[in-house]
Amino acid sequence: MTDTTQSATPEPPAQPPAAKPVRIFLVVVDDSPELKVALRYACLRARKSGGKVALLTVLEKGEMQHWLAVENLIREEQRAEAEQMLQKLAREVNQLTGTLPALYVREGNRTEEVLALIGEEPSISILVLAAGTDPEGPGPLISYYTGRGLGRLHIPLTIVPGGLSNEELDAIT
């Protein structure tokens with residue numbers, strides 16, 4: 001007696017669709033009044049696109065190398081203040097987006113540290129900055145990234161007018 005049944009090759013299980021990468025909106029934290037505008041814009045865009053927010057603060061290196069102990073104390077105080085500010089802003093991000101942001105504290109030159117972080121974290125997909133409203137210009141980061149630093153930036157840059165109200169931001173996002 002001969003077996004005439006043919007063994008069918010089982011089909012491989014269907015692959016789930018590739019997960020859509022999460023867009024991360026990077027906001028650079030400083031003491032400027034337009035920070036709140038950039039932060040709200042990034043949060044609203046992240047919430048509507050299923051993305052997340054990352055916050056970066058950069059501590060500028062001191063010029064007091066000959067007073068190293070004093071500089072270390074100042075740096076520790078600056079780091080503690082920066083971390084407190086990031087925690088406060090993280091609560092705001094959580095209220096607006098329902099997610100916690102990624103938090104980064106770096107030391108060095110602000111423009112260089114922004115580029116370094118973007119290079120190290122491929123999930124960061126958009127840099128969000130708000131333009132200053134002073135007659136002096138849009139601010140040092142915007143001036144750099146729209147000028148000689150533009151070729152070094154490998155993600156889109158979103159510049160939000162720094163004088164927008166919450167209602168105006170809600171309307172455009």
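Data block above holds the structure.
Definitions and limits used
- Residues numbered from 1 in each chain as written.
- Predicted model: local features only at pLDDT ≥ 70, side-chain atom pairs only at ≥ 80, totals over all residues.
- Heavy atoms only, no water.
- Pairing = 2+ DSSP bridges.
- Helix = DSSP H or I, 4+ residues; strand = E, 2+ residues; numbered from the N terminus.
- Axes fitted to C-alpha atoms, helices over the stretch in contact; angles between N-to-C directions.
- Contact = heavy atoms within 4.5 Å.
- Expected span 1.5 Å × (residues − 1).
- Buried < 20%, exposed > 50% of the residue type's maximum accessible area, 1.4 Å probe, protein only.
- Salt bridge = Lys/Arg side-chain N within 4 Å of Asp/Glu carboxyl O.

Caption draft 1: Representation of the sheet that holds strand E4 (residues 124-131) within the structure. Read across the open sheet, the five strands follow the order E3-E2-E1-E4-E5; overall the sheet is parallel. Single-partner strands in this sheet number two, and they are strand E3 (102-107) and strand E5 (157-161). Taken over all neighbouring pairs, the strand axes of this sheet differ in orientation by 30° on average, direction set aside. Bridge count for strand E2 (residues 52-59) against E3 is six bridges, and the pairing is parallel. Bridge pairing in E3 places Leu56 opposite Tyr104. Contacting strand E1 (24-29), E2 and E3, helix H2 (residues 68-97) runs over the sheet at an angle of about 165° to E2. Packing of helix H3 (residues 110-120) onto the sheet brings it into contact with E1, E2, E3 and E4, and relative to E3 it is tilted by some 135°.

Caption draft 2: Focus on helix H1 (residues 35-49). Taking 1.5 Å per residue as the helical rise, H1 with its 15 residues ought to reach 21 Å, and the 21 Å between its terminal C-alpha atoms agrees with that figure. Every buried residue belonging to H1 is among Leu35, Val37, Ala38, Leu39, Arg40, Tyr41, Ala42, Cys43, Leu44 and Ala46, and all of these are buried. For H1, the elements touching its buried residues are E1, E2, H2, E4, E5 and helix H5 (166-172). Positive backbone phi, approximately 75°, marks Gly50, located one or two places after H1.

Caption draft 3: Expanded view of the environment of Thr57. Mapped onto the elements, Thr57 comes out in strand E2. Judged by relative accessible area, Thr57 falls into the buried class, the value being 8%. The sequence separation of Thr57 and Tyr104 amounts to 47 residues, and the corresponding C-alpha distance is 6.4 Å. With near-sequence residues (within four places) excluded, Thr57 lies in contact with Val29, Ala82, Leu86, Tyr104, Val105 and Arg106.

Caption draft 4: View of the pattern of salt bridges. Within the structure shown, the criterion is met by seven salt bridges. Taking the shortest distance from any N to any O, the salt bridge between Glu83 and Arg79 comes out at 3.6 Å. With a gap of four residues between them, Glu83 and Arg79 both fall in helix H2, about one helical turn apart. Here Glu113 makes a salt bridge to Arg106, at a shortest N to O gap of 3.1 Å. Using a relative accessible area of 16% as the deciding quantity, one classes Glu113 as buried. What emerges from the salt-bridge pattern is a single network uniting Arg106, Glu113 and Glu120.

Caption draft 5: Highlighting the environment of Pro156. With respect to the helices and strands, the residue Pro156 is situated in the loop between helix H4 (140-145) and E5. Take Pro156: its relative accessible area is 52%, and that puts it in the exposed class. Residues Pro156 and Phe25, spaced 131 residues apart in sequence, show a C-alpha to C-alpha distance of 10.0 Å. Contact partners of Pro156, with chain neighbours within four places excluded, come to Ser125, Ile126 and Leu127.

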